[in-house]
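Take a look at the letters that make up each chain.
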Amino acid sequence: MFESIEVAPADPILGLGEAFQRDPNPNKINLSVGVYKDERGQTPVLECVKQAEQRLIEQEKTKSYLAISGLAAYDSFVQQLLFGADSPLIAAGRCGTLQSPGGTGALRVAADFLGQRVSGATVWCSSPTWANHPKIFEAAGLRVANYDYLAENGRDFNFDGMLAKLRQVPAGDVVLLHACCHNPSGVDPSLEQWQQIADCLVERKLLPLIDFAYQGFGKGLEDDASGLRTIASVVPEFFVASSFSKNFGLYRERVGALTVVAADSSAADAVMSQLKVCVRTNYSNPPAHGGAVVETILGDPALSETWRNELTVMRERIHEMRQLFVQRMREYAPQRDFSFLLQQAGMFSFSGLTPEQVDRLRDEHAIYIVRSGRINVAGITPQNVEPLCRAIASVL
């Protein structure tokens, strides 16, 4: 039965990581996959995570299944991080949260729900967006379309184009938004622009699905939630797919959540009941360990403070690497201005490199970058920035 099956093409991002692993060049540099690296080029286990895991080892008494929605305290902490501990949405019972296998799992549960319960809707994604976004929605049987996001120069936010497109989207459709640290561009709306986006969503009767994978990696935990909270202040119902892979460094533990906000508690309960059906027929219930780690940290004031400090270190290191990269490129390629990277936020930036230049970097210098020109700024270190900038200058 399997003799006629064709080999699927490699994932455009994870496939690069696999190619990087096979490359024998001792000086190879990987700026493709979105994982945080410290100054030594390692993806560290946070100290707060180590302490929480030690507690779990000592105190855990069972490996029984979790509920379909996961750990109740975890779900509560997720809502507080998204909307604030004193949020009226939480107090009114308008929120419901499911613990999920990463942010990707949350997106897929939302996609399954939309495919089953909002039949005929199209999901509108920014152009560009994370390469896996359209695939997730299409796999759930949904149509996908695009709205403008970047200007023709590939660097600046095309806010007017985005708003003009959203004003043409049919009522009842779904709009995917990046809450902060837009992937892949690093370009985010201002708070005033978020307000206009929120007003447009209400006017057009559109359903937002907000991908929140990088809270704390832009300007800080509270600042990064400002766009989401602006939408929450005026839009009566929406979804949020959030992740703790980046800000807790829990990549392989697959720790995420899907949160629904409805007009009232009854509607929220009804949607949650249907989301649980989607979960039950997919992965049944979420894995426990990563969620228990997050729950332990956020439930302990000392560990929570340690986490916030470690998150600040990660965020500031990324910003420092942006500055160092721009500074070095001024020396190696003074004819090309890379200062726009300083206006972008989070792990990713569009470098402006062409696919052909990216191919040369891989073939001639063992530097791995997604062909769109997206670079993982967190993969730059004080040790590799010099050879990286020299190589880029050589292919410009």
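Here, residues in each chain are numbered from 1, in the same order as that chain's written sequence. Totals for whole chains, interfaces and linings use every residue, but because this is a predicted model, local features are given only for residues with pLDDT of at least 70 and side-chain atom pairs only at 80 or more, for both listing and counting. Based on all heavy atoms of the structure, the side-chain values leave hydrogens and waters out of the count.

Draft legend 1. Representation of empty space enclosed by the protein in the model. Cavities and pockets were defined on a 1 Å grid built from protein atoms only: a cavity is a group of points that admits a 1.4 Å probe but offers it no way out, a pocket is an open group of points flanked by protein on both sides within 12 Å along at least five of seven lines, and a lining residue is one with an atom within 4 Å of any such point. Grid points are joined across faces, edges and corners, and a volume is the space filled by probe spheres set on the points. Counted by the stated rule, this structure contains 2 cavities of 30 Å³ or more. What the largest cavity holds in volume is close to 50 Å³. Around the largest cavity, the lining residues are Val78, Leu81, Leu82, Phe212, Gln215, Ser242, Ser243, Phe244 and Asn247. Each helix corresponds to a stretch of at least 4 residues labelled H or I by DSSP, and each strand to a stretch of at least 2 residues labelled E; elements are numbered beginning at the N terminus. Listing elements by their share of the lining of the largest cavity, those giving two or more residues are α3 (72-83) and β7 (238-243).

Draft legend 2. Representation of the side chain of Ser87 within the structure. Relative to the assigned elements, Ser87 resides in the loop between α3 and α4 (88-91). For the exposure calls, accessible area comes from a 1.4 Å probe over protein chains only, and a residue counts as buried if that area is under 20% of its type's maximum, exposed if over 50%, partly exposed in between. Given the relative accessible area of 6%, Ser87 is considered buried. Whenever two N or O atoms come within 3.5 Å, that pair is a polar contact, provided that in protein one can donate a hydrogen and the other can accept it, and provided that, for residues adjacent in sequence, both atoms are side-chain atoms. Of the polar contacts made by the side chain of Ser87, one reaches the backbone nitrogen of Leu89; its length is 3.1 Å.

Draft legend 3. Expanded view of the environment of Ser119. Within the secondary structure, Ser119 is located in the loop between α5 (102-117) and β3 (122-127). It is 9.5 Å that separates the C-alpha atoms of Ser119 and Gly141, two residues lying 22 residues apart in sequence.

Draft legend 4. Up close: the sheet that holds strand β8 (residues 255-261). Ordered by their spatial adjacency, 7 strands build an open sheet running β2-β8-β7-β6-β5-β3-β4, and the pairing between neighbours is mixed. Strands at the two margins of the open sheet, each flanked by one partner only, are β2 (95-101) and β4 (143-148). Looking at each pair of strands side by side, their axes are set apart by 25 degrees on average, direction ignored. The criterion for strand pairing is that DSSP finds at least two bridges linking the strands in question. The sheet contact formed by strand β6 (residues 207-212) and β7 spans 4 bridges and is parallel. From the neighbouring strand, Asp211 faces β7, where its bridge partner is Ala241. Contacts from helix α8 (residues 191-204) reach β5 (174-178) and β6, with the element oriented near 165 degrees to β5. Axis geometry follows a simple rule: fit a line to the C-alpha atoms, using only the stretch in contact for helices, then measure angles between N-to-C directions, giving values from 0 to 180 degrees. It only takes one pair of heavy atoms within 4.5 Å for two residues to be counted as in contact.

Draft legend 5. Up close: the packing of aromatic side chains. Centres within 6.5 Å make a pair out of two Phe, Tyr or Trp rings, where for Trp the six-membered ring is used; the pair is then stacked when the planes are under 30 degrees apart, edge-to-face when over 60, and tilted otherwise. For the structure shown, the criterion picks out 12 aromatic pairs. Centroid distance Phe113 to Phe239: 5.6 Å. Interplanar angle 75 degrees. Geometry classified as edge-to-face. In this pair, Phe113 is assigned in helix α5 and Phe239 in strand β7, connecting sequence segments 126 residues apart. Like Phe239, Phe113 is buried. Pairing Tyr149 with Phe157 gives two aromatic rings, centres 4.8 Å apart and planes at 45 degrees, and the pair type is tilted. As far as burial versus exposure is concerned, Tyr149 and Phe157 are alike and both buried. One aromatic cluster in this structure is built from Tyr74, Phe244, Phe248 and Trp307. In our convention, an over-ring charge means Lys NZ or Arg CZ found within 6 Å of a ring centre and within 35 degrees of that ring's normal. For Lys28, the ring lying beneath its charged end belongs to Phe20, and the centroid distance is 4.6 Å. The ring centre of Phe348 lies 3.8 Å from the NZ or CZ of Arg374, which sits over that ring.

The values are spatial; any link to function lies outside them.
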